[in-house]
Structure formats: structure tokens, C-alpha cells
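# Reading the structure
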Amino acid sequence: MRPFTLLVKPAGPDCNIDCDYCFYSCKSTVFGSGSHRMNDEVLEKFVRDYVTLRFPAGNIAFQGGEPTLMGLDFYKRVVELVKQYSEPEQVVALSLQTNGILLDDEWCEFLAANEVLVGISIDGPKKFHDIHRLDHAGKGTFGRVVESIERCKKHGVQFNTLTLMNQDNVDHADEIWDFLVNEMGIRFLQFIQCVERDPNTGDIAEFSITAQQYGKFMCDIFDKWLAHGVRKISVRTFDSLVSYCVGMGHTECTHMAKCADYVVIEHNGDVFACDFFVEDDWKLGSVLDAALGEIATGKQKRDFKSLKRTIADKCVLCRYLDVCRGGCLKDRRMGFGQYKVESYFCEGYKIFFDHAMPKFWEIAAQLSSEQPR
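Residues numbered from 1 in each chain as written. Predicted model: local features only at pLDDT ≥ 70, side-chain atom pairs only at ≥ 80, totals over all residues. Heavy atoms only, no water.

## So, the overall build of the chain
Where we set the bar: Each helix is a run of H or I in the DSSP string that is no shorter than four residues. Each strand is a run of E no shorter than two, and both are numbered from the N terminus. For the radius of gyration, the atoms used are the C-alpha atoms, and the globule rule reads 2.2 Å times the number of residues raised to 0.38. To sort residues, take the accessible area from a 1.4 Å probe on protein chains only and compare it with the maximum for the residue type: under 20% means buried, over 50% means exposed, and anything in between is partly exposed. Residues are treated as being in contact if the distance between any of their heavy atoms lies within 4.5 Å. Working definition of accessibility: Shrake-Rupley area with a 1.4 Å probe, residue cover restricted to the visible protein chains. Positive charges are assigned to Lys and Arg, negative charges to Asp and Glu, while His and the chain termini are left out of the count. Lys charges are placed at NZ, Arg charges at CZ, Asp charges at CG and Glu charges at CD.
Broken down by element type, the chain carries 15 helices and 10 strands. In terms of overall dimensions, the chain is globule-like: its C-alpha atoms have a radius of gyration of 20 Å, near the 21 Å expected for 373 residues. If one aligns the C-alpha atoms of the chain with their principal axes, the spans along those axes are about 60 × 50 × 45 Å. Within the chain, the proportion of its 373 residues that are buried is 54%. In the chain, once contacts between residues fewer than 6 apart in sequence are set aside, the share between residues at least 24 apart is 71%. With an accessible surface of roughly 16,600 Å², the chain has 50% of that area assigned to carbon and sulfur atoms. Side chains of the chain carry 43 positive and 54 negative charges; the gap between the two charge centres is 5 Å.

## Quick notes on the pairing of strand S6 (residues 188–193)
So the rule is basically this: Being paired, for any two strands, means DSSP has found at least two bridges between them. Clockwise travel from the first strand over the helix to the second, with the strands pointing away from the viewer, marks a crossover as right-handed.
When strand S5 (residues 159–165) meets S6, the two strands line up parallel, connected through 5 bridges. Of the residues in S6, the one forming a bridge with Thr163 is Phe191. What joins S5 to S6 is helix H7 (residues 173–183), and the crossover it makes is right-handed. As paired strands, S6 and strand S7 (residues 234–235) are joined by 2 bridges and run parallel to one another. Across the sheet, Leu189 pairs through a bridge with Val235, a residue of S7.

## Structural notes on the nonpolar core
Counted only if it meets this: Joining through side-chain atoms within 4.5 Å is the link that ties buried Ala, Val, Leu, Ile, Met, Phe, Trp, Tyr and Cys residues into a set, and such a set is a nonpolar core.
The biggest cluster of nonpolar side chains holds 119 residues, and the ones touching the most others in it are Leu6, Phe46, Phe62, Trp225, Phe352 and Phe360. Residues contacting Phe62, with those up to four places away along its chain left out, are Val8, Pro10, Phe46, Pro67, Phe74, Tyr75, Val78, Leu94, Ser95, Leu96 and Gln97.

## Quick look at the packing of aromatic side chains
Note the threshold: The rule is short: rings of Phe, Tyr and Trp, with Trp giving its six-membered ring, pair when the centres are within 6.5 Å, and they are stacked under 30 degrees, edge-to-face over 60, tilted in between.
Under the criterion given, the structure shown has 32 aromatic pairs. With a centroid separation of 5.5 Å and 90° between ring planes, the pair formed by Tyr214 and Tyr349 is classed as edge-to-face. Separated by 135 residues along the polypeptide, Tyr214 in helix H8 (residues 211–228) and Tyr349 in helix H15 (residues 346–370) bring together distant segments of the chain. For the residue pair Tyr214 and Tyr349, the accessibility class agrees, reading buried in each case.

## With respect to the pairing of strand S3 (residues 91–98)
Counted residue by residue, S3 has 6 buried out of 8 residues, so it is predominantly covered. Of the pairings in the sheet, the one linking strand S2 (residues 57–62) to S3 comprises 6 bridges and is parallel in character. What sits directly across from Ala61, in S3, is Ser95. For the crossover from S2 across helix H3 (residues 72–85) to S3, the handedness is right-handed. Here S3 runs beside strand S4 (residues 117–121); their pairing, made up of 4 bridges, is parallel. Within S4, the residue paired with Thr98 across the bridge is Ile120. The handedness of the S3 to S4 crossover, carried by helix H4 (residues 105–113), is right-handed.

## Topic: the packing of H4 against helix H6 (residues 142–155)
Quick reminder of the rule: For helices, the fitted axis covers only the stretch in contact; all axes are lines through C-alpha atoms, and the angles between them, taken along N-to-C directions, range from 0 to 180 degrees. Any angle from 65 to 115 degrees is called roughly perpendicular, while one under 35 is roughly parallel, one over 145 is roughly antiparallel, and all others are oblique. Rotating anticlockwise by less than a right angle from the far helix to the near helix defines a left-handed crossing, while the corresponding clockwise rotation defines a right-handed one.
Closest axis-to-axis distance for the H4/H6 pair is 9 Å, and the angle between their directions is 45°. As judged from the angle between their axes, H4 and H6 are oblique. The crossing of H4 and H6 is right-handed. Here H4 contributes Asp105, Cys108, Glu109 and Ala112 to the contact with H6, which in turn contributes Arg151, Cys152, Lys154 and His155.

## Overview of helix H2 (residues 40–51)
For clarity, the threshold we go by: Expected span of a helix, by definition, is 1.5 Å for each gap between consecutive residues, and there is one gap fewer than residues. Polar contact is the term for a pair of N or O atoms within 3.5 Å; when the atoms are in protein, one must be able to donate a hydrogen and the other to accept it, and sequence-neighboring residues count only if both atoms are side-chain atoms.
When the terminal C-alpha atoms of H2 are compared, their 16 Å separation across 12 residues agrees well with the 16 Å that a helix rising 1.5 Å per residue should span. Of all 12 residues in H2, 9 are buried; the element is thus mostly enclosed. The elements touched by buried residues of H2 are strand S1 (5–9), S2, H3, S3, strand S8 (262–266) and helix H10 (292–296). Capping the start of H2 is the job of one residue whose side-chain oxygen sits 3.1 Å from the backbone nitrogen of Glu41: Asn39.

## Examining the sheet that holds S4
If you trace the 10 strands from one edge of the open sheet to the other, you get S7-S6-S5-S4-S3-S2-S1-S8-S9-S10, paired in mixed fashion. Either end of the sheet is taken by a strand with one partner, and the two such strands are S7 and strand S10 (283–286). With 3 bridges connecting them, strand S9 (residues 270–272) and S10 associate as antiparallel partners. The residue bridging Val271 from the neighbouring strand is Gly285, located in S10. The sheet contacts of H3 involve S2 and S3, and relative to S3 the element is tilted by about 165°.

## Overview of the environment of Arg333
Mapped onto the secondary structure, Arg333 falls in helix H14 (residues 329–336). On the basis of relative accessible area, Arg333 is assigned to the partly exposed category, the value being 26%. In contact with Arg333, not counting residues within four places along its chain, are Phe276, Phe277, Glu279, Gln338 and Tyr339. Within the local environment of Arg333, its side chain forms a polar contact with the side chain of Glu279, the two groups lying 3.1 Å apart.

As C-alpha cells, then:
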């Protein structure tokens, strides 16, 4: 069995802030109203199933919604269960994607002590961040997020930042880079493109970016990365492209030939093929009813992964077919409602690849020349 990752939503779509561009908040309609919290039966079942598959190196990632709503004792229990069921030589890494609001000193001490990799969402300086990332009282969250980042630094927490490119910040790549890297001192960055549909009209939502905006943003960030020194800063998308160019394959699923080997576990134990496809058509089963390994490698998951191979005729003729592989299924469906079509971001990818791929090949050649023979 090929190793796979778990993406766990222990509090479902529940969140302590109210971002208007969140693609997951609407999942309350899937699971019903009220509070959504994972119980110990579900937790122990999926941890036991996963750890006893005996992958030499595994990963359990907690996201949301907002996963810190579960409280610190929940994650202490996670660590306890992983230790209980794992063999001495096993490595099961834990990670947590959060808005950072609840990360006090006690949280940070725990995260550092247990080497939990943390991703903290921040959309750039306050004037950009506080447009969309508001709490339920309508107040900005920027100050609280920055305080949590500084707290993570103080306690030695391993963390990166995740910035969502939206209509309000996408034309300000230089300013965002300067804030994150030069002002905040961040060394590990993720940039994710935002495109969603307005649930009322069915049109592309106003906060979404265009393909051309994506392409220009990534070109600008790439130039900043080169100028700063590619060994000094990690940008997730760039790391993936370097890995591809040295022959190791993509590390980011967007441009893999098949969808990544991970499954989503919801708070109630339901398992889905991808967090962009938490819907009835792609529900794979429940950890309470079947072994996790069987669910994750079953026919429905294999069918989902193979969908990515059904690329558009336009993609087959594209000079960037091998590096792009048609992009994410979610972005294909976003633009055209089906899968054998080009990505919503197709033209943006071309803009970025035209600008950056020659340099990526140079970087890869330099890295390869430095390897011992």
C-alpha cells in the first residue's frame, strides 16, 4: 500500500472567525446545524487504523473550519494515541492549519514540544488582512494573528504562513512579500489562489481573482524570491517546481498527474476524497464502518484520482503539459462545470511558466551539479 496522508476536520466547518471567502463554511449544510466536534471513538479509530498501517513516515494534518476549537486536550490525546499504537521506528508527523487566534503560550509550548508543524493564515498587512478575515463581531483579526506569530517564534514553533490571493491583495505582491519577509521575518510561505462561486447568483464571486492576476502575482513573487536568495526562503509552489525539475516529481498536488494520496476525515468519521469535494458523490465511507486503509485505497478513491488524467484536448497540445497536468480538478469545474476542460487558471499558469520555468531549470541544474556523485 502506498503511504497516504490524512486531512482531518475535527471541528468540521465550525470556525471562530467569519471569513467571507471561506469555501468550507457552507459545509454546515452537509452535516446539519449546531456544533460539530469529533468524539473520542472516531479519533481513536482513525488514529489506530492509520498508525497500524505501519508506513515508515506518515502525516496527519488537522484543518477546518478551525481545528483549535477542539481545545488543547484533544491534541494531547492525539499525541497519546499515536504513541500508543506506533512502533519505535515509525514517524507520524502532525500538522495544524489555523487562523492563529487561540494560540496562547500553553498552545505554543505544546506545539513546539511535539514538533507540530503549524500553518497560520495571514493575507498580508492589516489593510488587506482585515478586509475578509473578520471575527463574528465584524472586527478585524490582524492584531491577534500577528501576536500569535510572535508567540510561535518565542516558543520555537515550526510554522509557515498561508496567504490567500483575493481581489483585494492580488495586485500588491511586492507589498505582501515585503511585509511577510522583511517586516515579519517569515521564511516559509504559501500562496493560494482564491476563486469561488457566489451561492446566490452562481457567478464567480467578487473576491475571486482572474487567471491573469494570478499569473502576474506569481511572477512578481518569483522575482522577489530570486532577488532575496532562493536558499533563504521557502515558497511552497516554487519548492514543488524545483522538485519537479530535478526529477523528483511535484510535492504540491495541483500539478501532479493524479490527485494526491490523501483522504479527508470529517468530525463524524465520514471520509471524503478531497476537501474541495466534501459532497455525497465523493463520500468514500466512514471510519466507524470500515478499515481506513480499505477506504483510502478503494475503487471510489481510485476513480477520483484518475479523473485528473482526463485532461482537455487543449492541454494535450500545450507546451506545459508535463509540468501542469491540467491543474486542480476544483479549478476545472469552477470555470466550466466538468473535468475534461482547461483550468480556470490556465492562462495564468502560462504567464507564470513563461516567466519562471527557464530559471527553475537553471536552479535544478545547479542543485544537481552540487550532489555528490
